[in-house]
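An overview of the molecular structure
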Amino acid sequence: MATTSTVPSAKAALVALIGTALPGVQVTYGRPSDAELDSECVWVGDATGQQRVPTIKAGRKARHETYSVDVVCWTVIQRGLVSEAEARAFVLLGEVEDVVADDPSLGLTTATTPVFFATTGQFETAADVASGIPVAVVRMSVNCEARLA
């Protein structure tokens, strides 16, 4: 079983899977700098979680890891309405939801990590006009569970 957190592996897997699902859209591990941010971007951001020992037994304890990874869908449209920018951000989010639904293991279920499962969870949205340009951001939590040695 895995002996260290699966967070970095899960985040890297999300970047790879989302990048494949969204050719032509910038997909990054972490938020790009303002100078590098494209008009459409999906980034895999922060994670929060915990580890616990699910059973008490002698010797080395297996740990159960649960965490949420933020996936952010960002859109800017040069002309149009805020509602159009937000609708496009939700199209990107739909691809993220499909990636997780199609493979809840994110390709991480192996001999060393026999238990790994991801689902999409809570989301929040913000849409506004910045410097006269419609902008929308949708942030979704991808909830993950793994068994660690």
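Here goes a summary of the coordinates provided. Note that the coordinates shown come from a computational prediction; the quantities given were computed from them, not determined experimentally.

Of the regular secondary structure elements, the chain holds two helices and five strands. For the chain, the N- to C-terminal ordering of α and β elements is α-β-β-β-α-β-β. Looking at the chain as a whole, 41% of its 149 residues qualify as buried. Once local pairs closer than 6 in sequence are excluded, the contacts in the chain between residues at least 24 apart make up 63%. When the accessible surface of the chain is summed, it comes to about 7800 Å², and 53% of that surface belongs to carbon and sulfur atoms. Each charge class in the chain was averaged separately, 11 positive and 17 negative side chains, and the resulting centres sit 15 Å apart.

If you walk across this open sheet you meet the five strands as S1-S2-S3-S5-S4, and the pairing is mixed. At either end of the open sheet lies a strand with only one pairing partner, and these are strand S1 (26-29) and strand S4 (116-130). On average, each strand axis in the sheet is tilted by 20 degrees relative to the strand beside it, whichever way the strands run. In terms of strand pairing, strand S2 (residues 40-52) meets strand S3 (residues 63-76) through 11 bridges, oriented antiparallel. Looking across to S3, one finds that Glu40 is bridged to Thr75. Packed on one face of the sheet, helix H2 (residues 82-102) meets S2, S3, S4 and strand S5 (133-148) and runs near 15 degrees to S5.

For S3, a buried count of 12 out of 14 residues is recorded, marking the element as mostly surrounded by other parts of the structure. Across 14 bridges, S3 lies against S5 in antiparallel orientation. Bridging across to S5, Arg63 finds its partner in Leu148.

Attention shifts here to H2. Over its 21 residues, H2 runs 30 Å from end to end, which matches the ideal 30 Å to within 8%, given 1.5 Å per residue. All of the buried residues along H2 are Ala85, Ala89, Leu92, Leu93, Gly94, Val96, Val99 and Val100.

What follows is about unusual backbone geometry. For Leu106, which is not a glycine, the phi torsion comes out positive at approximately 50 degrees. You can see Leu106 is positioned in the loop between H2 and S4. The exposure class assigned to Leu106 is buried, which follows from its relative accessible area of 4%. At Ser131, a position not held by glycine, the phi torsion is positive, near 55 degrees. Structurally, Ser131 can be placed in the loop between S4 and S5. When its relative accessible area of 77% is taken as the criterion, Ser131 is described as exposed.

Our next topic: the nonpolar core. Counting residues in hydrophobic clusters, the biggest one holds 33 residues, and the most contacted among them are Leu14, Ile18, Val42, Val71, Leu106 and Phe116. Those elements that provide at least two residues to this core are helix H1 (7-21), S2, S3, H2, S4 and S5. The element best represented in this core is H2, accounting for seven residues. Apart from the residues within four sequence positions on either side, Leu14 is in contact with Gly19, Val44, Val69, Val71, Val100, Leu106 and Val142. Counting seven residues, the second-largest nonpolar core is a separate cluster that includes Leu37, Val72, Trp74 and Val76.

Conventions and cut-offs
- Residues numbered from 1 in each chain as written.
- Predicted model: local features only at pLDDT ≥ 70, side-chain atom pairs only at ≥ 80, totals over all residues.
- Heavy atoms only, no water.
- Helix = DSSP H or I, 4+ residues; strand = E, 2+ residues; numbered from the N terminus.
- Buried < 20%, exposed > 50% of the residue type's maximum accessible area, 1.4 Å probe, protein only.
- Contact = heavy atoms within 4.5 Å.
- Areas by Shrake-Rupley, 256 points an atom, 1.4 Å probe, with all protein chains shown as cover.
- Lys, Arg positive; Asp, Glu negative; His and termini not counted.
- Charge placed at Lys NZ, Arg CZ, Asp CG, Glu CD.
- Pairing = 2+ DSSP bridges.
- Axes fitted to C-alpha atoms, helices over the stretch in contact; angles between N-to-C directions.
- Expected span 1.5 Å × (residues − 1).
- Core = buried A, V, L, I, M, F, W, Y, C linked by side-chain atoms within 4.5 Å.

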